[in-house]
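Each chain, letter by letter, is given below.
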Amino acid sequence: MKYWQIFVGLVLTAVFFVSNLPAQAASSSSITRSAGSEIEIQDYSGKSLVGKEFTNIKLENANFSNADLRGVVFNGTLLIGANLHGVNFSDGISYLSNFRNSNLSDAIFTNAMMLRSTFDNVDVTGADFTNTILDRVEVKKCVLMLVELTLKRELTLVNP
C-alpha cells in the first residue's frame, strides 16, 4: 500500500509539471512595454498608472506630476528631464533608469526599490524616501532640502 501511494504521488507530480498551466502573471493589456522606443504620449499628470511597467522606453521630458505610480516598474527607462513632482511611487521599482535633470520634489518613494539608477542634477526637495532601498544608485548634484531619508542600505553620494 505504501509503494502505491508513492507511485501515485510521483505520477501526479509529473502530470503537474508537464501539463500546460496558464500563467498567473498580469495580462499584457495592463503592462506598458516597448523595446527601446519612445512613447508618444508624454503627459501622465494626475493619472493612475498603478502597477504599470515601463521597460526600455524613452520618456524624456514626460510629465508625471501628481500621478499615482504605486507599484510601477521603470526598467531601463530614460526619464531625463521628466516632471515627477508630487508622484506617489510607493512600492515601485526603478532598475537601471536615468532620472537626470528630473523634478522629484514632494514625491513619495516609501518602500520603493531604486536599483542601479542614476540621479544627476535632480530636485528631491520635500521627497519622502522612508524605507526605500537605494542599491548602487548614482547621485550627483541633487537638491536635498526637507527630504525624509530612511535607508535600508548604504548610499554613496558621488561628487563630480
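Calculation notes
- Residues numbered from 1 in each chain as written.
- Predicted model: local features only at pLDDT ≥ 70, side-chain atom pairs only at ≥ 80, totals over all residues.
- Heavy atoms only, no water.
- Helix = DSSP H or I, 4+ residues; strand = E, 2+ residues; numbered from the N terminus.
- Phe/Tyr/Trp six-rings, centres within 6.5 Å; stacked < 30°, edge-to-face > 60°.
- Buried < 20%, exposed > 50% of the residue type's maximum accessible area, 1.4 Å probe, protein only.
- pLDDT = per-residue confidence, 0-100.
- Contact = heavy atoms within 4.5 Å.
- Core = buried A, V, L, I, M, F, W, Y, C linked by side-chain atoms within 4.5 Å.

Undergrad: Explain the environment of V124 to me, please; I cannot follow it from the model alone.
TA: Assignment of secondary structure puts V124 in the loop between strand 6 (118-120) and strand 7 (128-135). A C-alpha to C-alpha distance of 8.9 Å links V124 and S102, two positions 22 residues apart in sequence.

Undergrad: Would you mind showing me how to read the packing of aromatic side chains here?
TA: Under the defined criterion, the tally for this structure stands at 10 aromatic pairs. On the numbers, 5.7 Å between centres and 65° between planes, the contact of F89 with F109 is edge-to-face. Taken together, the positions of F89 in the loop between strand 3 (73-75) and strand 4 (93-95) and F109 in the loop between strand 4 and strand 5 (113-115) put the pair 20 residues apart, joining distant regions of the chain. Considered together, F89 and F109 belong to a single accessibility category, that of buried residues.

Undergrad: Would you explain the confidence of the model for the protein in this entry?
TA: Atomic detail in the predicted coordinates should be set aside for any region of low pLDDT. In the predicted model, the protein carries a mean pLDDT of 76, and the fraction of residues at 70 or more is 61%. Mean pLDDT across the elements of the protein ranges from a minimum in strand 9 (residues 148-151), with 49, to a maximum in strand 3, with 96. Below pLDDT 50 for its whole length, residues 15-31 participates in 6 contacts with residues either more than four positions away or in separate chains. Here residues 150-160 is modelled with pLDDT under 50, and outside its nearest four sequence neighbours on either side it reaches 21 contacts, counting other chains as well.

Undergrad: It is not clear to me how the nonpolar core should be interpreted in this structure. Could you clarify?
TA: A general trend in soluble globular proteins is that nonpolar side chains are found buried together. Of all hydrophobic cores here, the largest spans 30 residues; its most connected members are L59, F64, L69, F74, F99 and M114. Looking at this core, the elements with two or more residues in it are strand 2 (53-58) and strand 7. Contacts of F74, omitting those with residues within four sequence positions, involve F54, L59, F64, L69, L79, F89, I93, S94, Y95, S97 and F99.

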